[in-house]
2 protein chains.
Amino acid sequence: MPHDTALAELASFLGDRLARSKPEREAHGRSETWFPETPPDAVAYPETSAEVSRIISTCARLGCPVTAWGTGTSLEGHALAVRGGVSLDMSRMNRVLAIRAEDMQAIVQPGLTREALNSDLRATGLMFSVDPGADASLGGMAATRASGTTSVRYGTMRDNVMGLEVVLADGRVIRTGSGARKSSAGYDLTGLFVGSEGTLGIITELTLKLHGQPEAISAAVCAFDDFEAAVRTVIATIQMGIPMARIEFVDETGATVFNAANGTDLPEKPHLMVEFHGSELSAAEDAKRFGEIVAEMGGAHFDWATTTEDRNRLWKMRHGAYPACLAFRPGSMGLVTDICVPISRLAEAVRETRADIAESGLTGPIIGHVGDGNFHSVLLIERDNAAELKAAKALAHRMAERALRLGGTITGEHGVGMGKKDLMEMEHGAAWEVMARIKRALDPDGILNPGKVVEVSQ
Amino acid sequence: MPHDTALAELASFLGDRLARSKPEREAHGRSETWFPETPPDAVAYPETSAEVSRIISTCARLGCPVTAWGTGTSLEGHALAVRGGVSLDMSRMNRVLAIRAEDMQAIVQPGLTREALNSDLRATGLMFSVDPGADASLGGMAATRASGTTSVRYGTMRDNVMGLEVVLADGRVIRTGSGARKSSAGYDLTGLFVGSEGTLGIITELTLKLHGQPEAISAAVCAFDDFEAAVRTVIATIQMGIPMARIEFVDETGATVFNAANGTDLPEKPHLMVEFHGSELSAAEDAKRFGEIVAEMGGAHFDWATTTEDRNRLWKMRHGAYPACLAFRPGSMGLVTDICVPISRLAEAVRETRADIAESGLTGPIIGHVGDGNFHSVLLIERDNAAELKAAKALAHRMAERALRLGGTITGEHGVGMGKKDLMEMEHGAAWEVMARIKRALDPDGILNPGKVVEVSQ
Ligand SMILES: Cc1cc2nc3c(=O)[nH]c(=O)nc-3n(C[C@H](O)[C@H](O)[C@H](O)COP(=O)(O)OP(=O)(O)OC[C@H]3O[C@@H](n4cnc5c(N)ncnc54)[C@H](O)[C@@H]3O)c2cc1C
Ligand SMILES: Cc1cc2nc3c(=O)[nH]c(=O)nc-3n(C[C@H](O)[C@H](O)[C@H](O)COP(=O)(O)OP(=O)(O)OC[C@H]3O[C@@H](n4cnc5c(N)ncnc54)[C@H](O)[C@@H]3O)c2cc1C
C-alpha cells in the first residue's frame, strides 16, 4: 500500500479517526458529478488545528498528499485525492467559536455548514449571506470562493471572509486578516487563501462577515416570452441602481424541471426570481420600481411571494435545482458547468449557449445568478454513456471559450478543481505561471491537493 | 554614480524622459510627511506598458532598483527610493482607456487621478467611489489599498479593482481578473497586487468598478457633547442597517482646525459628518432614522447640508483636513498615522488615544472613517524638532500596539511603506514570513521598491 509509513504514523495519534475501511474511502472518492471514483488511501478526521498541523507535518515529511474534504459538494472534482494519500475530512471541526454581534462577525471552524451557522444566528438578527445550492462547509466555500443567490447584494466568499487561520504545507499555523473591516497591512493573504482550493494551506478557522437580517423582504417570480427580455430586465434593474438582494434566471427547460419536481405551475418560459431587502418602505419601493421595468420589458405572470412560507418555498425550489434536474432524467448524472461574463454580454452568452445545447441534442437547463453575469448549465448525461459525456465536456469547453471571448471567466463560482485546469492557461496566459510560482513558494513539494488548479512543476 | 550603466541604457530609449536633474530627483525624494528627503538616482517617465516592461527588464538585468511613483501622497514613505535607483513616475500614463457604462466599469491607466476619472464620468451617471483625502493616482491607490469617506458603503480599492495589467519584476506583462463581476478561476492575483505597494509588480492598467451616481443625497453635520456618544451613534446606525454612504468622525481639536481653515463656526465638540445615498424616498427615510438615533444619543446642532453647494463645501472641508491641520500650527509638519479596529472597540481605541495624545503634549486632531472603525491622528510636529518627532513616533507606535490589542490592524488604509515595516511582525507573526516567500517568488532579486513591506532576505 502506498504511504503505509505515513498512515501508520497518523494512526498512532488519530486512532480510529484515521479510517481506512473501503466504504469510508469510497465515500470520500465520489463527487456530485461525473468524475470517476478515486478513493483516497485513508480518511483523517482531525478535531483541532493542532491535529491538522501534526497531520500535515507528518505527511509533508513522508511525501504523502493531503486533500481537504468539506462536504464534498464541489463540482469540478476538487476534493478527490487523485494522487492518493489522505482525505482530510473537516466535519468534526464544526463549531461556532464566537458570534460578535456588535461587530457583525462570526468566528467558526471550517467544517461548520452555512445552514448550521444560520440556524445559530437566527435569534441574533444577523445572517451569513453566501448560499450555494448545497449546504456546503464554510471551509470548502472559502476554498472555492463560492457565491450564491444573494452575492449580487452581499458579495461572494471573497467579500465575506475577513480572516483565517491556516495550516501551511509544512505544518506551521498562521493567521491572516483581523477583526477590522479593512486593512492595508501588507499582502492580502486572506484573499490569497480564499479560492485556493486547499492547494496552498488548510483552513482551520474563519472570521466571517455577517449582515443584518433584513427588516422587510419582498420576493417575486415573473415570466418572460423570451430570455432576452429577462436579461434586459436584469441590466435595466442594475442600471437604475435598484438594490436587488437576489435575481436569478431560469430558462424554459428549468421551469419545466421545477414544475415536475415541485408540483408548481410556472409557465414554460424564461423566468426571473427576485428579492428585495430593506426597510418596509424601501423594499416596497424597490419592488414597485422593478415591477415597472418588468412591465416595460413585456414580462408577465408577475407573482409576489408575500408570506414567509411562499418565499421559503420559492428559494427552496431554486436551491433544489440540481436534484430536480437529475430527477427530471432518471438514471442521469449531471455535468454542471458555470461561466461568468460582463453583464453587457450576458444575453449573447446565454443565446449562444442555448443554441449550442440545442444543437448538441443534450438536455441542459440554464439557471444562473444573473445579477452577477453568472450562469450554469446542468447537462444531463445518461450514466455510462461515453458519447453523451464527451458531448457534454465539449459543450462545457465551448462555454468556457465563449466566456473568455466575451471578456469573462471560465468559472464564476464553482472553481477549477480538475475539471477546468486545462482551461487555466487559456484564461490567464502568463499569469498562470505566477500562480505556479506562488504554489511552489507555499507548497514546494506539492503535498496539498496535488493535481488541482496548478502544478508545482509547471 | 551608482547604476550608471542601467541609467545610460534607460536613457538610450527614454531620451529626456529619463530625468537626472537635481530638482527633478529632489521632487521625487520628498513625501508629504516627516521622512527625510531621499532623491532617486533618476526619474523615468514611461508612456506605455511596453516601455515599463523594457525599463523593468533593463533594471532587473543590471540590478537597479525601481520604485513606482503615482502622485507621491502616500504617508509612510512608500514612494521613496530609499535604496536608490529609478523613480518610475507614472504621470504620463494617465488616460481613460474605456468606459463601459453598461458594465459599470472603467479601464484606466495608473497615472490617472481619481478626480480626473470622476470628471470624465460626470456625464455618464456613474462615479468612481474611492476618495482618499488627496487627489491620488489610481495606480497608487490600488498599490496602497486605499480607501476613503465612502468605503463604508462602496468598499475600498480591494473591492473596486476588478482586474489589472501588471509588469512583473522580470519585465513580463500579465493580466489579472476579467470583466466579470466575480470569478473562481484560481488564485486571486488581482487581490495580491492590490496593496502590494509596488513591491511585487508595476500596475500599468486597471479595470475599476463604477457605481451609479445616487439619485438623491442627504448630508449632515452634527455635534456631540462627548466622543463616546458619537461612537455609539455610529454603532447604532450600523446595527440598524441604515446604509450610510459616509460617516466621518472629527474630534473637538479637529473642529477647531476646520473652523480656523474654513471660517466655519462648528461648536468645538466632537462631530459626525454623514451622507445617505438612495432614491428620494430612501435617502430621506435613512436621514430621518439617523436623526432619531442622534437625538437619542444626545447629539445636537444637527445641520443638514441641503444644497449641492453646501454638501460640496462640507466634503471639501473634510478632504482638506490635512492642509488645515498643517496651517493650524505654522511651520509644522505632520506625522499622520492610521489604525483600524473592530467597531465594538472603537470607543476604547479613541479614548485611549486621546488620553495618550493629551499626555504627550502634542497637538493631534483625531479624524476618521469611523464607519469602518478606522481613524487617524495628525500629529503636528515642529520642523527639525527631534524631540517632538520622537514623541510622535512613539505615540504612533503605541497606537498600532493598541489597535492589535483590540483585535484590529496597524493600518486601515495608509499602508506599510517604511514607516510601519517594523510593526509587521507584531501584526502578522509567522504570516509575515509567508509574505516574504511571496516576495521572493515574484521578485527574487528585490528590484521592486526594496525596503518596503517585507525584505527578500527575511
Ligand atoms: C446542488 C449543488 C448546488 C451548488 N450550488 C452552488 C452555488 O450556487 N454556488 C457555488 O459557488 N457553488 C455551488 N455548488 C458547488 C459547491 O457547493 C461549492 O463549491 C462549495 O463551496 C463546496 O463546499 P464543500 O464544503 O462541499 O467543499 P468540498 O467539495 O469538500 O471541497 C472543495 C474544495 O475545497 C477544499 N477544502 C475543503 N475544506 C477546506 C479547508 N478547510 N481548507 C482548505 N481547503 C478546503 C477541498 O480540498 C476542495 O479542493 C453547488 C453544488 C451542488 C452539489
Ligand atoms: C492630504 C492627504 C489625505 C489622505 N487621505 C487618505 C485617505 O483618506 N485614505 C487613504 O487610503 N489614503 C489617504 N492618503 C494617503 C495617500 O493619498 C494614499 O496612500 C494614496 O493611495 C497614494 O496614492 P499616490 O498616487 O500618491 O501613490 P504614491 O504615494 O506615489 O505611491 C504609493 C505606493 O504605491 C506604489 N505605486 C504607485 N503607483 C504604482 C503603480 N502604478 N504600480 C505599482 N505600484 C505603484 C509606490 O511605489 C508606493 O509604494 C492621504 C494623503 C494625503 C497627503
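About the criteria used
- Residues numbered from 1 in each chain as written.
- Chains lettered and ligands numbered in written order.
- Predicted model: local features only at pLDDT ≥ 70, side-chain atom pairs only at ≥ 80, totals over all residues.
- Heavy atoms only, no water.
- UniProt positions renumbered as here; feature names shortened; annotations may be inferred.
- Least-squares fit on C-alpha atoms with pLDDT ≥ 70 in both.
- Contact = heavy atoms within 4.5 Å.
- Helix = DSSP H or I, 4+ residues; strand = E, 2+ residues; numbered from the N terminus.
- Axes fitted to C-alpha atoms, helices over the stretch in contact; angles between N-to-C directions.
- Parallel < 35°, antiparallel > 145°, perpendicular 65-115°, else oblique.
- Nonpolar A, V, L, I, M, F, W, Y, C, P; charged D, E, K, R; others polar.
- Near = heavy atom within 4 Å.
- Polar contact = N/O pair within 3.5 Å; in protein donor to acceptor, adjacent residues only side chain to side chain.
- Areas by Shrake-Rupley, 256 points an atom, 1.4 Å probe, with all protein chains shown as cover.
- Pairing = 2+ DSSP bridges.
- Buried < 20%, exposed > 50% of the residue type's maximum accessible area, 1.4 Å probe, protein only.
- Buried area = accessible area lost by both parts, 1.4 Å probe.
- Salt bridge = Lys/Arg side-chain N within 4 Å of Asp/Glu carboxyl O.
- Domains from an automatic or database assignment.
- Arc of directions from axis to C-beta.

Taking an unreviewed UniProt entry as the reference, chain A is identified by name as D-lactate dehydrogenase (cytochrome) belonging to Albidovulum salinarum. Chain A has a UniProt comment under Sequence similarities (unreviewed entry) that states "Belongs to the FAD-binding oxidoreductase/transferase type 4 family." Listed under Cofactor (unreviewed entry) in UniProt, the entry text for chain A is "FAD".

A. Focus on the relation of the copies chain A and chain B. Once turned by 180° and shifted 0.0 Å along the axis, chain A lies on chain B with an RMSD of 0.0 Å. Look at the turn and shift together and you get a two-fold axis relating the two. In this assembly the copies share their binding face: 100% of the residues contributing to the interface of chain A also contribute to that of chain B.

B. Up close: the UniProt feature "domain: FAD-binding PCMH-type" (unreviewed entry) in chain A. Taken from the UniProt record, the annotation "domain: FAD-binding PCMH-type" (unreviewed entry) applies to residues 35–213 of chain A. In residues 35–213 of chain A, helix accounts for 23% and strand for 25%; the two terminal C-alpha atoms are 38 Å from one another.

C. Fine view of the packing of helix α10 (residues 252–262) of chain B against helix α13 (residues 321–328) of chain B. Residues and elements named next belong to chain B. One can describe the packing of α10 onto α13 by two numbers: an axis separation of 9 Å at closest approach and a directional angle of 85°. Considering their axes alone, α10 and α13 lie roughly perpendicular with respect to each other. Mapping the contact onto sequence places Thr256, Val257, Phe258, Ala260 and Ala261 in α10 and Ala321, Ala324, Cys325 and Phe328 in α13. Residue composition of the contact of α10 with α13, grouped by class: 8 nonpolar, 1 polar and no charged.

D. Fine view of the site of ligand 1. Residue and element names in this part refer to chain A. Close to ligand 1 lie 35 residues; Ala68, Gly70, Thr71, Ser74 and Ser137 are nearest. Between ligand 1 and Ser74, the relevant distance is 2.6 Å, taken from an oxygen atom to a side-chain nitrogen or oxygen of the residue. For ligand 1, whose accessible area on its own is 970 Å², the fraction buried by protein is 96%. For the shell around ligand 1, the secondary structure elements donating two or more residues are β3 (66–69), α5 (138–144) and β10 (202–209). Here the element with the most residues in the shell around ligand 1 is α5; it accounts for 5 residues. Each residue belonging to the shell around ligand 1 can be placed in one class, and the counts come to 15 nonpolar, 17 polar and 3 charged.

E. Representation of the sheet that holds strand β15 (residues 300–305) of chain A within the structure. Residues and elements named next belong to chain A. Taking strand neighbours across the sheet as the criterion, the 7 strands line up as β15-β12-β14-β13-β17-β18-β16 in an open arrangement whose pairing is antiparallel. Edge strands, defined here as strands with exactly one partner in the open sheet, are β15 and β16 (332–340). Between one strand and the next, the sheet's axes are offset by a mean angle of 20°, whatever the strand orientation. Bridge count between strand β12 (residues 216–223) and β15: 4 bridges; the pairing is antiparallel. Counted as the bridge partner of Ala220 is Trp304 from β15. Sheet strands in contact with helix α10 (residues 252–262) are β13 (244–250), β14 (271–278) and β17 (366–368), and its direction is about 95° off that of β13. Those strands touched by helix α13 (residues 321–328) are β16, β17 and β18 (374–382), and its axis lies near 135° from that of β16.

F. The arrangement of the side chain of Thr409(A) in detail. Tracing the backbone through its elements, the reader meets Thr409(A) in the loop between α15 (386–405) and α16 (424–428). A relative accessible area of 0% places Thr409(A) in the buried class. Here Glu427(A) takes part through its side chain, which lies 3.0 Å from a polar atom of the side chain of Thr409(A). Discounting residues that sit within four places of it in the chain, Thr409(A) has contacts with Ile339(A), Cys340(A), Ala403(A), Leu404(A), Glu427(A), Ser178(B), Ala180(B), Lys182(B), Ser183(B) and Ala185(B).

G. Representation of the interface of chain A and chain B. Of the residues lining the interface, 79 residues belong to chain A; the matching set on chain B comes to 79 residues. Note on chain A versus chain B: buried area summed over both sides is about 6400 Å², and carbon and sulfur give 53% of it. Applying the counting rule to chain A against chain B returns 12 salt bridges. Between chain A and chain B we count 51 residue pairs in polar contact (both at pLDDT 80 or more) in total. At the level of elements, α7 (157–160), β9 (173–177), α8 (189–193), α9 (227–239), α11 (280–296), α16 and α17 (430–442) of chain A are the ones that each hand at least two residues to the side of chain A that touches chain B. Here the element with the most residues in the side of chain A that touches chain B is α17(A); it accounts for 10 residues. Residue composition of the side of chain A that touches chain B, by class: 31 nonpolar, 27 polar and 21 charged.

H. Local environment of unusual backbone geometry. The backbone of Asn449(A) sits at a positive phi, close to 45°, despite the residue not being glycine. We note that Asp384(B) has phi near 60°; this positive angle belongs to a residue other than glycine. On the secondary structure map, Asp384(B) appears in the loop between β18 (374–382) and α15 (386–405).

I. Quick peek at the site of ligand 2. Residue and element names in this part refer to chain B. Taken together, 35 residues are adjacent to ligand 2, and Ala68, Gly70, Thr71, Ser74 and Ser137 come closest. In the model, an oxygen atom of ligand 2 is placed 2.7 Å from a nitrogen or oxygen of the Thr73 side chain. In this structure, an oxygen atom belonging to ligand 2 sits 2.6 Å away from a side-chain N or O atom of Ser74. When ligand 2 is considered free in solution it has 970 Å² of accessible area, and contact with the protein chains removes 96% of it. Of all the secondary structure elements, the ones that give two or more residues to the shell around ligand 2 are β3 (66–69), α5 (138–144) and β10 (202–209). The leading source of residues in the shell around ligand 2 is α5, at 5 residues. By residue class, the composition of the shell around ligand 2 is 15 nonpolar, 17 polar and 3 charged.

J. Focus on the domain arrangement of chain A. Residues and elements named next belong to chain A. Structurally, chain A comprises domain 1 (4–91), domain 2 (94–212), domain 3 (216–316) and domain 4 (329–445). Spacing between the C-alpha centres of domain 2 and domain 3 amounts to 29 Å. Each partner contributes residues to the interface: domain 2 has 6 residues there, and domain 3 has 7 residues. Both sides of the domain 2 and domain 3 interface together cover about 620 Å² of buried area, and 53% of this is carbon and sulfur. It is Thr149, Val152 and Arg153 that lose the most area in domain 2 upon contact with domain 3, and together they represent 72% of the buried surface on that side. At the boundary of domain 2 with domain 3, the tally comes to 5 residue pairs in polar contact (both at pLDDT 80 or more). Its residues placed into classes, the side of domain 2 that touches domain 3 shows 2 nonpolar, 2 polar and 2 charged.

K. Fine view of α13(B). Residues and elements named next belong to chain B. All buried positions along α13 are accounted for by Ala321, Tyr322, Ala324 and Cys325. For α13, the buried positions fall inside an angular range of 160° around the axis, keeping them on one side. Residues of α13 that are exposed and angled more than 90 degrees away from the buried face: Pro323 and Ala327. Considering only its buried residues, α13 is in contact with α10, α12 (308–319), β16 (332–340), β17 (366–368) and β18.

L. Structural context of the side chain of Thr149(B). Residue and element names in this part refer to chain B. Relative to the elements of secondary structure, Thr149 occurs in the loop between α5 and α6 (151–154). Overall, Thr149 belongs to the buried group, its relative accessible area being 2%. There is a polar contact of 2.6 Å between the side chain of Thr149 and the side chain of Asp131.

M. Representation of the environment of Arg95(A). Residue and element names in this part refer to chain A. By secondary structure assignment, the location of Arg95 is in the loop between β4 (86–89) and β5 (96–100). Along the chain, Arg95 and Thr113 lie 18 residues apart, while their C-alpha atoms are 9.6 Å from each other. Discounting residues that sit within four places of it in the chain, Arg95 has contacts with Val108 and Gln109.

N. Molecular detail of the pairing of β18(A). All names here are of chain A. Extensive coverage of β18 is indicated by the burial of 8 of its 9 residues. With 9 bridges joining them, β16 and β18 adopt antiparallel strand pairing. The residue bridging Asp338 from the neighbouring strand is His376, located in β18. Where β17 lies against β18, 2 bridges are found, and the strand directions are antiparallel. Opposite Ile367, over in β18, you have His376 as the bridge partner. Linking β17 back to β18 in an antiparallel pair, the connection comprises 5 residues, with Gly373 at a positive phi of about 80°.

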